[in-house]
Amino acid sequence: MALEPLDSCDLLCMDLPHAERVRATLPALGDIEPVADAARAFGDPTRLTIALALNAGGQMCGCDIAWIVGQSQKLVSHHLRKLKAADAVTSNREGKLVMYSLTDRGTRLLATLTEVLPTASATTEVTGVDHG
């Protein structure tokens, strides 16, 4: 006797009028794809950490971001390009520096994804260099 999967019906029991009403409310695939791309952009732990750093620090250059997240500049640049492609991060050149910041969309997505995360100050004692 084979076990049936618990996640599917044993018979076709569609409520077609209800299913059609729900289907009519869904956005077109072309409208969903950019949202899915943005969700994937935050699906990588390094990219999520970069976004959290930008959220905490505001506009920063890639060198600072690389140091903050503890990754190479080359790797961080790669991840920043992915975040830019998803319209989560923007950049602008200031002389020889390229400065990055979260877009409004990136900030909103990040807030939604991380609302359950504890803050570093709530979980660890912060020690650092006095810049003053």
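Above: the structure in question.
Residues numbered from 1 in each chain as written. Predicted model: local features only at pLDDT ≥ 70, side-chain atom pairs only at ≥ 80, totals over all residues. Heavy atoms only, no water.

1. Remarks on the overall build of the protein chain
Moving on, step 1. The helix and strand tally for the protein chain stands at seven helices and three strands.
Moving on, step 2. Start at the N end of the protein chain and walk to the C end: the helices and strands fall as α-α-α-β-α-α-β-β-α-α.
Moving on, step 3. For the protein chain, with 132 residues in total, the buried portion stands at 23%.
Moving on, step 4. Taking the intrachain contacts of the protein chain between residues at least 6 apart in sequence as the baseline, contacts between residues at least 24 apart amount to 52%.
Moving on, step 5. Carbon together with sulfur atoms contributes 58% to the accessible area of the protein chain, which is approximately 10,000 Å² in total. (Helix = DSSP H or I, 4+ residues; strand = E, 2+ residues; numbered from the N terminus. Buried < 20%, exposed > 50% of the residue type's maximum accessible area, 1.4 Å probe, protein only. Contact = heavy atoms within 4.5 Å. Areas by Shrake-Rupley, 256 points an atom, 1.4 Å probe, with all protein chains shown as cover.)

2. Let's talk about the sheet that holds strand 3 (residues 97–102)
Moving on, step 1. An order of 1-3-2 is seen for the three strands of this open sheet, with the pairing classed as antiparallel. If you trace the sheet from one side to the other, it starts and ends with strand 1 (60–61) and strand 2 (89–94), each paired once.
Moving on, step 2. With two bridges joining them, strand 1 and strand 3 adopt antiparallel strand pairing. Each bridged residue has a counterpart across the sheet, and for Met-60 the counterpart in strand 3 is Tyr-100. (Pairing = 2+ DSSP bridges.)

3. Quick notes on the nonpolar core
Moving on, step 1. Ile-50, Leu-54, Ile-65, Val-76, Leu-80, Leu-83 and Val-89 are the most contacted members of the largest nonpolar core, which has 20 residues in total.
Moving on, step 2. At the level of secondary structure, the elements contributing two or more residues to this core comprise helix 2 (29–41), helix 3 (45–57), helix 4 (62–69), helix 5 (73–85) and strand 3.
Moving on, step 3. Considering every element that reaches this core, the biggest residue donor is helix 3, with four residues.
Moving on, step 4. When sequence neighbours within four positions are dropped, the list of residues in contact with Ile-50 reads Ile-65, Val-69, Val-76, His-79, Leu-80 and Leu-83. (Core = buried A, V, L, I, M, F, W, Y, C linked by side-chain atoms within 4.5 Å.)

4. A short note on the packing of helix 3 against helix 4
Moving on, step 1. Between helix 3 and helix 4, the least distance of the axes is 10 Å, while the angle of their chain directions is 115°. If you check the angle between helix 3 and helix 4, you find them roughly perpendicular. The interaxial crossing formed by helix 3 with helix 4 has right-handed handedness. Between helix 3 and helix 4, the contacting residues are Thr-49, Ile-50, Ala-53 and Leu-54 on the first element and Ile-65, Ile-68 and Val-69 on the second. (Axes fitted to C-alpha atoms, helices over the stretch in contact; angles between N-to-C directions. Parallel < 35°, antiparallel > 145°, perpendicular 65-115°, else oblique. Left-handed = near helix turned anticlockwise from the far one by under 90°.)

5. Focus on unusual backbone geometry
Moving on, step 1. Backbone geometry places Asp-87, a non-glycine residue, at a positive phi of 60°.
Moving on, step 2. One can find Asp-87 in the loop between helix 5 and strand 2.

6. Focus: the packing of helix 4 against helix 5
Moving on, step 1. Interaxial distance between helix 4 and helix 5 falls to 9 Å at its minimum, and their mutual angle equals 105°. On the basis of the axis angle, helix 4 is roughly perpendicular to helix 5. Counted together, Gly-62, Cys-63, Ile-65, Ala-66 and Val-69 of helix 4 and Gln-73, Val-76 and Leu-80 of helix 5 form the full contact between these two elements.
Moving on, step 2. Along the lines of polarity and charge, the residues of the contact of helix 4 with helix 5 split into six nonpolar, two polar and no charged. (Nonpolar A, V, L, I, M, F, W, Y, C, P; charged D, E, K, R; others polar.)

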